[in-house]
Amino acid sequence: MEHPAAPTTLELRIHGVSNTPPAAMLGLPREEIERSSIDRFGNSGDDGASFWSPTAKARARDTVPTADYGPDAAPSAIPADVHREAYSWGALARLSVLPGGRAMGVAALAAIRSLWILVVPLGLANAAYWAREITGGRLDSAHGGRAQASVVRLFAFVLTLFLVATTLTLALDVVGRQCFDRVSETAVRTCAALPTWMSAAAFWTNGQRTAVLMLVPLVLVLALWLLAHTNRTRYESRMSSTKATARDGAPGESAATADTTDPSFPLLSVPGFWSHDVLTVTTTRLHVTGGFALVGMLTAWSVAARPAEACGSLRTIFTCDLAGLDLPLVVAAGSGGLLLAAVLVRIFIDAGGSADVPLKVRPASVGGTRYDGARSRAWGLGLLVASFALVAAVGWRVLIVPDGPDQRLVGLVVAPTALVMAMVGLVVAAARWRTHIGVGSWIVFALGYGAFGLAVGLPHDVGWRPLALAVGVVALSGYVAPTFATRSTRHLGWRGAGSAVFMALAAGLALLLSSAVVVGGVAVLNAPEAEKRYVVVEPGADGGVVGTDADAAGDGDGAAVDRDVAGDGTGDTEVAAVDVVHDTLRSTTEAPDLVRAPRPYSEFGVVSVVGLGLALVVVLAVALVMLVHRGTDLPRAGAGCAGRPPPEVGDLERERVAAARRLAAAAHRAEPVVGAVAVVFVLALLAVPLLDATSAVPGATSSEPYGWDVHAFAPATLLVLGSLTVALVGSAAVSGGATAARPLGLFWDLVAFLPRSAHPFGPPCYSERAVPELAARVDAWLGVRPDGTRDPDRARNRVVLSAHSLGGVLAVAAVLGRERPPQDAERVSLLTFGTQLRALFGRFFPELLGPDVLGTTSIESARFWSADPWRYTTERVPLRPHPRSVLGRLADPAGGRPYRWIGLWRRTDYLGFPVASDGCTDVDRPAEEVLEQSYLFAVQTHSDYPATRAYRAALHDVLDARAGSARS
């Protein structure tokens, strides 16, 4: 048989979360693949994403006649009419783009990888944004979609403030105040674990140390901004012709004939959806402004309040004696509060006009308020300049303020607790977004939240304080309860509380990380090998600062070792009055630790440890379910449906397959497990302000009737959080070696799929490049030119998007994003395997990838306690997709099959699910759980689908159906 000169079908393989290398996707050794030219200029991609194909030699060896290709062909066989390519996009999600990255040392790269851990809660905030209600996929949703967008962006802003407050506490309180303890006119006790050069600050004034250390959180904010800015993935080549030219209709189609009855459905088909760069720049300025304003406000407040003895708690801050406060700093603190209020106003305004497709490319027919980027950028720039000026003014003022009594920094005590209270309110409010909320529900929420806040703020000796707490808990519980009682939300992730779950996870992880940072930092400063030391200035010395190790134990064994701390050559200066200073130190070192975790982070630490324990209990519950059902045999995929039966295996192999199915079923319970962890985090967030309000005040003992000593739990807290800090930072630092690879690669694959519409410091959205790049490759193969015209020589070309796991989400997005409404859709087919489209993404983000968008049936959550978490049936399920859904676009009544979409799955796949329904359909097919060609027995789980007979049969059917359709 004579082979055609040039293949007309493109089989484009797209990997999933495992970041499969191109060679493995193509089933070839590395030396038998090469970059594939995708345009007339010879481009094939770059280090971030690229296209690959077999070499000419490998293709000539593996090519078989198209008529001979089928289930019995070799796994590496290529039909003669097919050009096989692999699209590798994993580096977009897992590698950091850094300025001068190649010249950076290993230590700098490790520090940057550690910084990515702080980005995890910010990525969850972006997920919460897209899990909110967007009724019908419309941009002008009628049930509060824009208000919900504002709330999520407010929550993201609170996360930024919480991160800033944590860093400021560590810098000003733990290091600046506690690590520099003046014990006499000529001696200052310092933390031995601090770098030597920091001891030069021992005899600075409090204002000087404050002015320098307040720069630490500012540097962190700028570092997060730089990390986010340099990792924005761009697609500089031509977009698909639709994205470049589509407005009210598709290319070549007049607005009169375009379907404009609901132009924003599906949302992924709206031009400009994958272009959020302008919005990211604007929100970045607002978050940087908020971080700077909070630093200026808290620093000014803390320094100004030092002379006021009673301004030391959240309950007395508004009633304490303000006499003697520094007026300029009070004004600066008020100005910082006004700046924060202005940022909040801008967040609500911008969310109202730029909820989902913010750019000027939004078609007029889509509706909604168009985003005024120029005005928002101007406001953002003005607020940013004002925040810089505020920080500079506060820094200058604290430099010249005389030292006062060494008291707690009240602003740093109040702010974290207030921010936790704000996160609690936003998370609880989001739990009811997908149920009808009337005025009565909002009254119940306001009553509960107000009563809870009152219980936190009331003095301990008020008798009806427990009543206020009980009213708050009951009212908030009553507000949330309808979420779990509404039957209409059973097909949605977490009963429609997806945004609340993602926000709770983000807030809980932020609480955990903040506790780990502060308590872990305290543990490092109090390490047993870090002996205490003091610094003495010789009266009359020529500016030399001489350090002498302190006798922290008070046993008179302090070592008189002179140290030239300042590095000015005066290390041999005689140390004066050493005995006097030792006596002073002995009288001030009753406490075993030099540094203590400040409030409220001591409470944060206790709550975090308890929360981790409860989360572990949830995970152990999954193990208990597996133990109870260890003898249960789960049916294979597609059992009872028409199709080829699986190959026969022996009894021992059959048991191994059954065990793999049960293990996969345990992983399928991830949704209820994550929901339970989110509930644990919410309870922890509720407990934080209560513990902060009831724990003993400074100087009080645990025996006092109105409080309890939270420091009694310090050893356990330090052990758990210290170990967690070392594990997180250590694993992140060493995970990528000498590369810029991010830690937690699987997490970024899943979360960074969505645009950064809530938090600008979140992980960059790789789909903003990958989806248009895939769509452009499809257009180029089909002969669609950038101006919308068609190349007649490619009129019979076809494309099969072969996508694994998360690659199926990218493939679906590319199908939806090519054109609106679609043209040439009859020449595109889908072959997906091991995907989470319907069971996870469709439930968590229904307006983006739900049943209406995919054209599939809905699915309820996995059952936690049942042996089989799913309700699979052997009945044939009819599919009635909307014409503009994915399945509707791939309907093929003229071809050999009803739909040009085949989905493969297996029960041993811990991340794979049927794509169309729980029953028998023309779309879903089972894949083998054991490869017949394997030399050794191995149960297949989430990988190696292209090596199965089922894959070759599906590709054969797709090619045969398309050939029949083309001939017709």
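- The chain is annotated in an unreviewed UniProt entry as Lipase (Class 3) of Paraoerskovia sediminicola.

### With respect to the overall build of the chain
So, step 1. Assigned secondary structure in the chain consists of 30 helices and 15 strands.
So, step 2. Counting across all 968 residues of the chain, residues that qualify as buried make up 57%.
So, step 3. Within the chain, contacts between residues separated by at least 24 positions form 77% of all contacts whose residues are at least 6 apart in sequence.
So, step 4. On the chain, roughly 37,800 Å² of surface is accessible, and the fraction owed to carbon and sulfur atoms is 62%.

### Describing the pattern of salt bridges
So, step 1. In this structure the tally under the stated criterion is 22 salt bridges.
So, step 2. Residue Arg 84 is joined to Glu 11 by a salt bridge in which the shortest nitrogen-to-oxygen separation is 2.7 Å. Here Glu 11 lies in strand 1 (residues 9-14) and Arg 84 lies in strand 6 (residues 82-88), a separation of 73 residues in the sequence. The exposure classification of Arg 84 matches that of Glu 11, with both residues buried.
So, step 3. Note that Arg 769 and Asp 46 form a salt bridge whose closest N and O atoms lie 3.0 Å from each other. Of this pair, Arg 769 sits in helix 24 (residues 767-782) while Asp 46 sits in the loop between strand 2 (33-35) and strand 3 (50-54), and the two are 723 residues apart along the sequence.
So, step 4. Assessed through its relative accessible area of 7%, Arg 769 is described here as buried.
So, step 5. Each of Glu 11, Arg 13 and Arg 84 takes part in one network of salt bridges that share partners.

### Focus on the sheet that holds strand 3
So, step 1. Pairing is mixed across the open sheet formed by eight strands, whose spatial order is 2-3-6-1-12-13-14-15. Single-partner strands in this sheet number two, and they are strand 2 and strand 15 (924-926). Neighbour-to-neighbour, the strand axes of this sheet turn through a mean angle of 25°, independent of strand direction.
So, step 2. The pairing of strand 1 with strand 6 spans six bridges and is parallel. Across the sheet, Arg 13 pairs through a bridge with Ala 86, a residue of strand 6.
So, step 3. Set on the sheet, helix 25 (residues 806-818) makes contact with strand 1, strand 12 (798-804), strand 13 (828-833) and strand 14 (901-905); between it and strand 12 the angle comes to about 145°.

### As for the packing of helix 5 (residues 120-130) against helix 17 (residues 498-525)
So, step 1. As a packed pair, helix 5 and helix 17 sit with axes 8 Å apart at the nearest point and diverge in direction by 170°. Viewed along their axes, helix 5 and helix 17 adopt a mutual orientation that is roughly antiparallel. Note on packing geometry: the crossing formed by helix 5 with helix 17 is left-handed. Of the residues in helix 17, those in contact with Val 120, Pro 121, Leu 124, Ala 125, Ala 127 and Ala 128 of helix 5 are Ser 499, Phe 502, Met 503, Leu 505, Ala 506, Leu 509, Ala 510 and Leu 513.
So, step 2. Class assignment for the residues of the contact of helix 5 with helix 17 results in 13 nonpolar, one polar and no charged.

### Describing the packing of aromatic side chains
So, step 1. In the structure shown here, the tally under the stated rule is 25 aromatic pairs.
So, step 2. Between Trp 494 and Phe 502, the ring centres sit 5.5 Å apart and the planes meet at 90°, which makes this aromatic pair edge-to-face. For the pair shown, Trp 494 and Phe 502 are each scored as buried.
So, step 3. Between Tyr 601 and Phe 604 the ring centres are 4.9 Å apart and the planes differ by 75°, which places this aromatic pair in the edge-to-face class. A residue pair is termed a helical-turn pair when its members lie 3 or 4 positions apart in one helix, as Tyr 601 and Phe 604 do in helix 19 (residues 601-628) at three residues.
So, step 4. Of the residues examined, Tyr 601 reaches a relative accessible area of 0% and is grouped as buried.

### What about a nonpolar patch on the surface?
So, step 1. Residues Leu 447, Leu 454, Trp 464, Leu 467 and Val 471 make up a contiguous nonpolar surface patch of roughly 480 Å² in combined accessible area.
So, step 2. Of all elements in the fold, only helix 14 (439-457) and helix 15 (465-480) reach the threshold of two or more residues within the nonpolar patch.
So, step 3. As for its position among the elements, Leu 447 is in helix 14.

### Thoughts on the confidence of the model for the chain
So, step 1. The pLDDT averaged across the chain works out to 77; a share of 72% of its residues lies at or above 70.
So, step 2. For residues 138-142, every residue scores under 50 in pLDDT, and the model assigns this stretch 17 contacts once sequence neighbours within four places are set aside.
So, step 3. Note that pLDDT drops below 50 for residues 358-371; the model gives that stretch 50 contacts with residues more than four away or on any other chain.

### Considering the layout of surface pockets
So, step 1. The volume enclosed by the largest pocket comes to roughly 1,200 Å³.
So, step 2. Leu 505, Ala 670, Val 674, Phe 747 and Leu 750 are the residues nearest the centre of the largest pocket, which is lined by 36 residues in total.
So, step 3. When residues of the lining of the largest pocket are traced back to their parent elements, those giving at least two are helix 5, helix 17, helix 19, helix 20 (651-667), helix 21 (670-694), helix 23 (745-751) and helix 26 (837-844).
So, step 4. With six residues, helix 21 is the single largest residue contributor to the lining of the largest pocket.
So, step 5. Classifying every residue of the lining of the largest pocket gives 33 nonpolar, two polar and one charged.

### Re the pairing of strand 12
Side chains on a regular strand alternate between the two faces of the sheet.
So, step 1. By the criterion of burial, strand 12 is predominantly enclosed, with seven of the seven residues buried.
So, step 2. Side chains of strand 12 alternate between two faces, with Arg 798, Val 800, Ser 802 and His 804 and Val 799, Leu 801 and Ala 803 buried alike.
So, step 3. As paired strands, strand 1 and strand 12 are joined by six bridges and run parallel to one another. By the bridge assignment for strand 12, Arg 13 is matched with Ser 802.
So, step 4. Across six bridges, the pairing between strand 12 and strand 13 is parallel.

### Things to note about helix 20
So, step 1. Compared with an ideal rise of 1.5 Å per residue, which puts 17 residues at 24 Å, helix 20 spans 25 Å between its outermost C-alpha atoms and is within 8% of the ideal.
So, step 2. Considered for burial, the residues of helix 20 that qualify are Val 657, Ala 658, Ala 660, Arg 661, Arg 662, Ala 664, Ala 665 and Ala 666.

### Thoughts on helix 17
So, step 1. With 28 residues, helix 17 ought to run about 40 Å at 1.5 Å a step, and its terminal C-alpha atoms sit 40 Å apart, in line with that.
So, step 2. Counting buried residues along helix 17, 24 of its 28 residues qualify, which places the element largely inside the surrounding structure.

### Some words on the packing of helix 7 (residues 206-213) against helix 8 (residues 215-230)
So, step 1. As a packed pair, helix 7 and helix 8 sit with axes 5 Å apart at the nearest point and diverge in direction by 5°. What the angle tells us is that helix 7 and helix 8 run roughly parallel. Contacts between helix 7 and helix 8 involve Ala 211, Val 212 and Leu 213 from the former and Leu 215, Val 216 and Pro 217 from the latter.
So, step 2. Taken together, the residues of the contact of helix 7 with helix 8 break down into six nonpolar, no polar and no charged.

### Brief notes about the environment of Leu 911
So, step 1. Mapped onto the elements of the fold, Leu 911 is located in the loop between strand 14 and strand 15.
So, step 2. Separated by 32 residues in the primary sequence, Leu 911 and Ser 943 place their C-alpha atoms 9.9 Å from one another.
So, step 3. Every residue in contact with Leu 911, bar those within four places of it in the chain, is listed here: Val 17, His 668, Gly 834, Thr 835, Gln 836 and His 942.

### Side note on the nonpolar core
So, step 1. Grouped together as the largest cluster of nonpolar side chains are 202 residues, with contacts concentrated most on Tyr 87, Phe 155, Phe 845, Leu 849 and Trp 901.
So, step 2. Ranked by the residues each element gives to this core, the list is headed by helix 6 (residues 145-178), at 19 residues.

### Describing unusual backbone geometry
Note: most peptide bonds trans; most residues except glycine with negative phi.
So, step 1. Of note in this structure, Trp 494 is not a glycine but carries a positive phi near 55°.
So, step 2. Within the secondary structure layout, Trp 494 lies in the loop between helix 16 (482-485) and helix 17.
So, step 3. You will see that Arg 495, though not glycine, has its phi angle at about 60°, which is positive.
So, step 4. Here Arg 495 is to be found in the loop between helix 16 and helix 17.
So, step 5. Arg 495 gets classed as partly exposed once you look at its relative accessible area, which sits at 28%.

### Quick look at the environment of Gly 16
So, step 1. Relative to the assigned elements, Gly 16 resides in the loop between strand 1 and helix 1 (22-26).
So, step 2. For the pair Gly 16 and His 804, spaced 788 residues apart in the sequence, the C-alpha separation amounts to 5.1 Å.
So, step 3. Among all residues touching Gly 16, those that are not within four sequence positions of it are Trp 89, His 804, Ser 805, Leu 806 and Gly 807.

### Regarding the environment of Cys 191
So, step 1. Counting through the fold element by element, Cys 191 comes out in the loop between strand 8 (187-190) and helix 7.
So, step 2. Between the C-alpha atoms of Cys 191 and Cys 179, which are twelve residues apart in sequence, the distance is 5.1 Å.

What counts and what doesn't
Residues numbered from 1 in each chain as written. Predicted model: local features only at pLDDT ≥ 70, side-chain atom pairs only at ≥ 80, totals over all residues. Heavy atoms only, no water. Helix = DSSP H or I, 4+ residues; strand = E, 2+ residues; numbered from the N terminus. Buried < 20%, exposed > 50% of the residue type's maximum accessible area, 1.4 Å probe, protein only. Contact = heavy atoms within 4.5 Å. Areas by Shrake-Rupley, 256 points an atom, 1.4 Å probe, with all protein chains shown as cover. Salt bridge = Lys/Arg side-chain N within 4 Å of Asp/Glu carboxyl O. Pairing = 2+ DSSP bridges. Axes fitted to C-alpha atoms, helices over the stretch in contact; angles between N-to-C directions. Parallel < 35°, antiparallel > 145°, perpendicular 65-115°, else oblique. Left-handed = near helix turned anticlockwise from the far one by under 90°. Nonpolar A, V, L, I, M, F, W, Y, C, P; charged D, E, K, R; others polar. Phe/Tyr/Trp six-rings, centres within 6.5 Å; stacked < 30°, edge-to-face > 60°. Patch = residues over 30% accessible without salt bridge, like charges linked within 9 Å, V, L, I, M, F, W, Y side chains within 5 Å. pLDDT = per-residue confidence, 0-100. 1 Å grid on protein atoms, 1.4 Å probe; cavity = no way out; pocket = protein on both sides within 12 Å on 5 of 7 lines; lining within 4 Å. Points joined across faces, edges and corners; volume = space filled by probe spheres on them. Expected span 1.5 Å × (residues − 1). Core = buried A, V, L, I, M, F, W, Y, C linked by side-chain atoms within 4.5 Å.

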